Amino acid sequence: MSLFLAKRFATFIATLLGASVLTFLALEILPGDPALVILGIDAPESAIAVLRLELGLDRPALARYLGWVSNLMTGTSANSYTYKVPVAELIRERLEITLPLAVLAMALSILFALPLGIYAAQSHDKSGDVVIMSASQIGISVPNFWMAILLIMFFAVNLHWFAAGGFPGWSSGVGPALKALLLPAIALATVQGAILARFIRSAILDTMREDYVRTARAKGLTRRATMWRHVLRNAAIPVVTIVGLQFANLLAGTIVIENVFALPGIGRLLLQSITNRDLVVVRDLVVMIAAMVVTINFIVDLLYAAIDPRLKPHDV
Amino acid sequence: MALLEVDNLSVTLATARGPARAVRGVSFALERGETLGIVGESGCGKSLTALALMGLLPENARATGRVVLDGIDLAGLNEDALCRIRGNRVGMIFQEPMTSLNPLHPVGRQIGEALATHRGLGGAALRAETLELLGKVGIPEPERRIRSYPHELSGGQRQRVMIAMALSCRPEILIADEPTTALDVTVQKQILDLIRDLVRELGMALILISHDLGVIAENVGRIAVMYGGTIVEAAPTAALFADLAHPYAQGLFAAVPRVGWRRDSNARLATIPGVVPDLPDLPNGCTFAERCTLANDACRAAAPMPIEVGPNHSASCIRTDAARLSRKSA
Amino acid sequence: MTAADPVLLVDVRGVTKTYALPRERLFERPPMIRAVADVSLAVRAGRSLGLVGGSGSGKSTLARLVMALERPTCGSVLFRGHDLNALAPAPLRRLRRHFQMVFQDPFGSLDPRYRIGRIVAEPLDALEPTTPEARRARVVESLEAVGLKSTDLAKYPHEFSGGQRQRIAIARALITRPELIVADEPVSALDVSVRAQVLNLMRDLAAGFGVTYLLISHDLAVVEYVCDDVAVMYGGRIVESGTTEAIFADPRHDYTRTLLAAVPKVPAIAG
Amino acid sequence: MQGDTFLARGLRNRSFVAGGLLTLALVAVALLSLAWTPHDPLRISIPTRFAPPSATHWLGTDQFGRDVLSYIMVGAQTSLTVGIVSVVIGMTFGVTLGLCASAARGAVEEAIMRAADFIFAFPAILLAIMLVATLGPGAVNAIVAIGIFSIPEFARLTRGAANAIWVREFILAARAAGKGDARITIEHVLPNIASVIIVQVTIRFALAILAEAALSYLGIGSQPPTPSWGRMLAEAQTRIFQNAWLAVFPGIAIALSVLGLNLLGDGLRDITDPRLARKR
């Protein structure tokens, strides 16, 4: 393994640890007595005492932290306070909606952005470029939940093509399930796709100004061949970074979008748990989302190493 | 007929302060096997001239005039036909060997790219040809280096790779734009010697562009001196040094400190007053008039045409008589 | 304090400077590079010294060590008998007015957001603050010494050409009336016609203001034109040193010979 | 470039002009609403609820009969306040940390940047939700959360830009002139990276408006009676089959504000980027 990857792997592990510590501290120590927070100040003393025992609050913080982390590692977890089922089970169920949604949105975003970004770069400063860039500027400015509401208004309220929300479950078949995820995914992909298209365009334009692109042209390569062989791969390095960051943003975006469409995913679970003061669930969810983001960043690093020979160990 | 004929080539750049005529009416001819040096200071138009010959001008530049390669007017060719000439009949080497190579491709692949494009080579034949090229430009262990990436090579080796790339299809003309400016003096000499030997061996014509008078003087048979977008003086190397006619060329050559010069005399370096002008500010008449001690109203009124001042020796100055006189008396 | 040799400006004693490179393997120590290896060197008042060598030979690092911009890994750098790296910040600052620096890049060495007046006055403001009138007089004097006008005070660097900017950089170095100017490739970024102007100016200032140069250059002709003594660096070491005449007439070290042989020659002009 | 003032270059830049006008409009509306709105934005009037847009109520009324236009105008105050306060928090701490990291280099830089990278691993909105979850919902908590989580980005950007300045020769010249790191940071580094920071301020401002809207939409941002565009959308969504227009205007208000700031940032970047200036 190259030094670059070794370093990144160390960062990956350290960030995971840090994320768990931060989440633990934020939810267990900062706001005072969690039992009090969950039940509210007016709760009877006895109820609080029972809950404290149930949450294991009589043990010292470090022990509770270690217990929690080892539970996370083994996949066993405490019961949700409101749902009375293990949190892991709850999350697994909800992920079945959130993950496909995020992946679908990411795919749509790339599908829009890649051709548009490349086309805009190739027609730099011409009308096609100006139109695409203006449209993407507007796309960036639209809040994704408003986009979602507009989509509901148009496709559900006016055209009746889609339901205004809800999820039939995967058991009702892949078709209907995907159909329910399509509008939410489009709402998420609009903003991300607009950002990505702009970024792809500028990455390509920057690369096209490089000396080695001129060298390739001097060799007699056509514009098209130069674009495919020299520009796109080099421009991919910054684009991969952004796609990684975007996936993280998409995961966060699902929290809002799932609430617009009343999809029972982890975003909705998170919000409901906050409203219900179900801190056990909140804690696990936050750590899981952070872990997913960190994992994606690590995958991005792996991609870098695959693309860029400068990150491989020298054989000199 | 000459291999390359450049006739009244002009390049106009679109700048924030309006159009700038960066190259104005450059004409020259290059025979097969001939070596031409273009020398001048920054902004004199020498690099743009080279890029115009290749049809690789930046987006904000427009060229006019004729560039005729072996009877074909390049201006009349479409992009595909130009691509068949670039890298095939005309090769080019650039200044920065680090940035001129794609960091993500092994050097072997980058060298072989032109061969694959123009000769349709592939597989073992392409590899064999690439290995031979690497050996030809003096890179040790070609078998290993063919897989190396640019960042694993030294500056001199990278420039050797660039040379191998430019020469891969045996072009008739090699254009080298400041090929050694980014390199150390000792490496510079190796690279220049290599270029000179290969040009001779392959019978190519060479256009060597440099701001360094010594580099030009040692490596070409004929020199064109550029200032303000025009060729102010052109002559065979020996004739030029024997009889400099243009006031700018005289001033330029007198301003160079030479090794060993101090021992001969304690004289000061001669200087040209003023500064190298910005392109959009260049005057309509003789572009050197503002810095020239001999300039008169006629010089400022109209751009001078090249006049013959000796065999195969021309200068674009209406006061060459005075200039040569003042130099002789100095 | 040691009794200083009246003419000894800079005394570099057995200086080594090593840098750690980025690690290449995880569990190995990071590779070290010796930029300067056990170099001793003296610059005497009135005898400008040229430091020649290829890129990576350590000449620029040595210049920064002499300017006390870097600390040597071992060895010491003395200016007028004071060990620069043993001085407290305040005395070092007082000493700094006697040695100033000119850099290579005429575009990068002037802060683009400052007017010329403030750029030239910078060493004065930092080292010996004075009244506004005296400050202005010093700035004008300095600008005029390098052939610029007092009307240039209010302009910004981008309004000047490369050669003029290098004059401004020299004016900035001159303003504290230093004894030594360390010039790192001062003309290598300049056009030929302008380079001659700056080289002549440097020679005139040496005569007129009694400035001594430590001139770093890869260009042998430039060093020969300005310097009385030459030291040749190769691989972090000084491989040969002596008077300019001696080195150029009769180089002893192989590297010096290679270097001299590699310089492209401009033929003498007839007439 | 000579004699070409900042403003002259700005007026030639379409993004800058359009963005500047939209941003000015946002500020003007917010200020105007302090003194005057067409109707009392908070006055509840059940008889006139769900009135469609008309001459008296240009943008109609909501489920409490409040004038939508007036409510949107007052909502601009909230968006602007959230933007300003959170950007000031993020910029002050972020720029300071970034400058320190860049000036100190070595282990200090490493520590600051690793910490910034670490916070970066959490999506901002997730952190904001988490903070609000622990501290309780409310506009102030939302602002603080949004501000805190823009610190790493400011720090990263500042440090990157400052590092690019630190290697320039005029910094070496200042050191040779005897200036210390602190003085160089204030006198040379900060002025030279100011334009980068200003561009970032407009971008973060836009993101703050979006974040506040999202949090309020979810019901954990500003609470009634503080007017908020995001909460207007949440309330409108419940009536989407009956009174769809209610979900249109607050969204337009958010999108135009964000668009204005983004365009302004783009324009500023073009005007101040020396690389682009030279090319033109």
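Predicted model, so just to flag it, every value in this text is computed and none were measured.

Rules behind the numbers
Residues numbered from 1 in each chain as written. Chains lettered and ligands numbered in written order. Predicted model: local features only at pLDDT ≥ 70, side-chain atom pairs only at ≥ 80, totals over all residues. Heavy atoms only, no water. Helix = DSSP H or I, 4+ residues; strand = E, 2+ residues; numbered from the N terminus. Buried < 20%, exposed > 50% of the residue type's maximum accessible area, 1.4 Å probe, protein only. Contact = heavy atoms within 4.5 Å. Areas by Shrake-Rupley, 256 points an atom, 1.4 Å probe, with all protein chains shown as cover. Lys, Arg positive; Asp, Glu negative; His and termini not counted. Charge placed at Lys NZ, Arg CZ, Asp CG, Glu CD. pLDDT = per-residue confidence, 0-100. Buried area = accessible area lost by both parts, 1.4 Å probe. Salt bridge = Lys/Arg side-chain N within 4 Å of Asp/Glu carboxyl O. Polar contact = N/O pair within 3.5 Å; in protein donor to acceptor, adjacent residues only side chain to side chain. Nonpolar A, V, L, I, M, F, W, Y, C, P; charged D, E, K, R; others polar. Core = buried A, V, L, I, M, F, W, Y, C linked by side-chain atoms within 4.5 Å. Domains from an automatic or database assignment. Disulfide = S-S within 2.5 Å. Pairing = 2+ DSSP bridges. Axes fitted to C-alpha atoms, helices over the stretch in contact; angles between N-to-C directions. Parallel < 35°, antiparallel > 145°, perpendicular 65-115°, else oblique. Left-handed = near helix turned anticlockwise from the far one by under 90°.

## With respect to the overall build of chain B
Line of reasoning, step 1. On a plain count of helices and strands, chain B comes out with 13 helices and 12 strands.
Line of reasoning, step 2. The dimensions of chain B, computed from C-alpha atoms along their principal axes, are 65 × 50 × 40 Å.
Line of reasoning, step 3. Residues classed as buried in chain B amount to 58% of the 330 residues present.
Line of reasoning, step 4. In chain B, the proportion of contacts linking residues at least 24 apart, taken out of those at least 6 apart, comes to 64%.
Line of reasoning, step 5. Accessible surface for chain B amounts to roughly 12,900 Å². Of this, 52% is attributable to carbon and sulfur atoms.
Line of reasoning, step 6. If you average the places of the 34 positive and of the 35 negative side-chain charges in chain B, the two averages end up 3 Å apart.

## What about the overall build of chain D?
Line of reasoning, step 1. Within chain D, the secondary structure is distributed over 12 helices and 0 strands.
Line of reasoning, step 2. Projected onto the principal axes, the alpha-carbon positions of chain D cover approximately 75 × 50 × 30 Å.
Line of reasoning, step 3. Relative to its full complement of 280 residues, chain D shows a buried share of 57%.
Line of reasoning, step 4. Considering only contacts within chain D whose residues lie at least 6 apart along the sequence, 71% involve residues at least 24 apart.
Line of reasoning, step 5. Of the roughly 11,600 Å² of accessible surface on chain D, 70% is carried by carbon and sulfur atoms.
Line of reasoning, step 6. Side chains of chain D carry 22 positive and 16 negative charges; the gap between the two charge centres is 4 Å.

## What to know about the confidence of the model for chain D
Residue and element names in this part refer to chain D.
Line of reasoning, step 1. Mean pLDDT over chain D: 83, with 95% of residues reaching 70 or higher.
Line of reasoning, step 2. The element-level mean pLDDT for chain D is lowest in helix 12 (residues 274-279), coming to 44, with helix 8 (residues 169-176) highest at 93.
Line of reasoning, step 3. Per the prediction output, this complex has pTM 0.86; the corresponding ipTM is 0.85.

## Digging into the interface of chain C and chain B
Line of reasoning, step 1. Contact with chain C, which involves 39 residues of that partner, is made by 42 residues of chain B.
Line of reasoning, step 2. Around 3,500 Å² of area is buried between chain C and chain B when both sides are counted, 60% of it from carbon and sulfur atoms.
Line of reasoning, step 3. Three residues, Val192(C), Val266(C) and Ile269(C), lead the burial of chain C against chain B; their summed loss comes to 18% of the area buried on that side.
Line of reasoning, step 4. For Arg268(B), the salt bridge identified is with Asp204(C), shortest N-O distance 2.6 Å.
Line of reasoning, step 5. Taken together, the links from chain C to chain B amount to 13 residue pairs in polar contact (both at pLDDT 80 or more).
Line of reasoning, step 6. Elements represented by at least two residues in the side of chain C that touches chain B include exactly helix 6 (192-209), helix 7 (220-226), helix 8 (244-249) and helix 9 (254-262) of chain C.
Line of reasoning, step 7. Ranked by residue count, the leading element in the side of chain C that touches chain B is helix 6 of chain C, at 9 residues.
Line of reasoning, step 8. A per-class count over the side of chain C that touches chain B returns 22 nonpolar, 10 polar and 7 charged.

## Some thoughts on the pattern of salt bridges
Line of reasoning, step 1. Throughout the structure, instances matching the rule amount to 41 salt bridges over all chains.
Line of reasoning, step 2. The partner of Glu79(B) in a salt bridge is Arg86(B), with the nearest N and O atoms 2.8 Å apart.
Line of reasoning, step 3. According to the relative accessible area criterion, Glu79(B) is partly exposed, its value standing at 28%.
Line of reasoning, step 4. What makes Arg86(B) buried here is its relative accessible area of 1%.
Line of reasoning, step 5. A salt bridge links Glu70(C) to Lys17(C); the nearest nitrogen and oxygen atoms lie 3.8 Å apart. In this pair, Glu70(C) sits in the loop between helix 1 (59-66) and strand 4 (74-79) while Lys17(C) sits in strand 1 (residues 8-20), placing the two residues 53 residues apart along the sequence.
Line of reasoning, step 6. A relative accessible area of 11% places Lys17(C) in the buried class.

## Looking at the nonpolar core
Line of reasoning, step 1. One finds Leu4(B), Ile173(B), Ile175(B), Ile207(B) and Val225(B) to be the most contacted residues of the largest nonpolar core, which totals 161 residues.
Line of reasoning, step 2. Here this core spans two domains, since at least three of its residues come from each of domain 1 (4-220) and domain 2 (230-259 + 266-329) of chain B.
Line of reasoning, step 3. For Leu4(B), the residues in contact, after removing those within four places along its chain, are Phe28(B), Ala29(B), Leu30(B), Leu53(B), Val67(B), Val68(B), Leu69(B), Ile173(B) and Ile207(B).
Line of reasoning, step 4. The next biggest cluster of nonpolar side chains, apart from the first, holds 128 residues, and it includes Ile266(A), Phe50(D), Ala162(D) and Ile220(D).

## Some points on unusual backbone geometry
Line of reasoning, step 1. Phi at His160(A) takes a positive value of approximately 55°, unusual for a residue other than glycine.
Line of reasoning, step 2. Turning to its location among the elements, His160(A) is positioned in the loop between helix 7 (144-158) and helix 8 (174-208).
Line of reasoning, step 3. Classification of His160(A) by relative accessible area gives exposed; the value is 59%.
Line of reasoning, step 4. Not every positive phi belongs to a glycine, and Asp38(C) is a case in point at roughly 50°.
Line of reasoning, step 5. Structurally, the position occupied by Asp38(C) is in strand 2 (residues 32-44).

## Digging into the state of the cysteines
Residues and elements named next belong to chain B.
Line of reasoning, step 1. According to the stated counting rule, one finds 0 disulfides over all chains in the structure shown.
Line of reasoning, step 2. In this structure Cys299 is not part of a disulfide, and its nearest cysteine sulfur, from Cys286, lies 6.0 Å away.
Line of reasoning, step 3. According to the relative accessible area criterion, Cys299 is buried, its value standing at 8%.

## Here we look at the pairing of strand 7 (residues 180-184) of chain C
All names here are of chain C.
Line of reasoning, step 1. Strand 7 sits mainly inside the fold: 5 of its 5 residues count as buried.
Line of reasoning, step 2. Residues Leu180, Val182 and Asp184 line one face of strand 7 and the alternating positions Ile181 and Ala183 line the opposite face, and both faces are buried.
Line of reasoning, step 3. Where strand 6 (residues 99-102) and strand 7 come together, 4 bridges link them in parallel fashion. Across the sheet, residue Phe99 finds its bridge partner in strand 7, namely Leu180.
Line of reasoning, step 4. Here strand 7 pairs with strand 8 (residues 212-217) via 5 bridges, running parallel. Opposite Asp184, over in strand 8, you have Ile216 as the bridge partner.

## With respect to the packing of helix 8 of chain D against helix 9 (residues 181-217) of chain D
Residue and element names in this part refer to chain D.
Line of reasoning, step 1. The geometry of helix 8 relative to helix 9 is characterised by a closest axis approach of 11 Å and an angle of 165° between their N-to-C directions. Considered as vectors, helix 8 and helix 9 are oriented roughly antiparallel to each other. Handedness of the helix 8/helix 9 crossing: right-handed. The residues of helix 9 that touch helix 8, namely those facing Phe170, Ile171, Ala174 and Arg175, are Ile184, His188, Val189 and Asn192.

## Quick notes on the packing of helix 5 (residues 162-174) of chain C against helix 6 of chain C
Residue and element names in this part refer to chain C.
Line of reasoning, step 1. For the pair helix 5 and helix 6, the least separation of the axes is 9 Å and the interaxial angle reads 15°. Judged on the interaxial angle alone, helix 6 and helix 5 are roughly parallel. Viewed along their axes, helix 5 and helix 6 form a crossing whose handedness is right-handed. Two secondary-structure elements touch here, helix 5 through Gly163, Arg167, Ile170 and Leu174 and helix 6 through Val194, Gln197, Val198, Leu201, Met202 and Leu205.
Line of reasoning, step 2. Per-class residue counts for the contact of helix 5 with helix 6 are 7 nonpolar, 2 polar and 1 charged.

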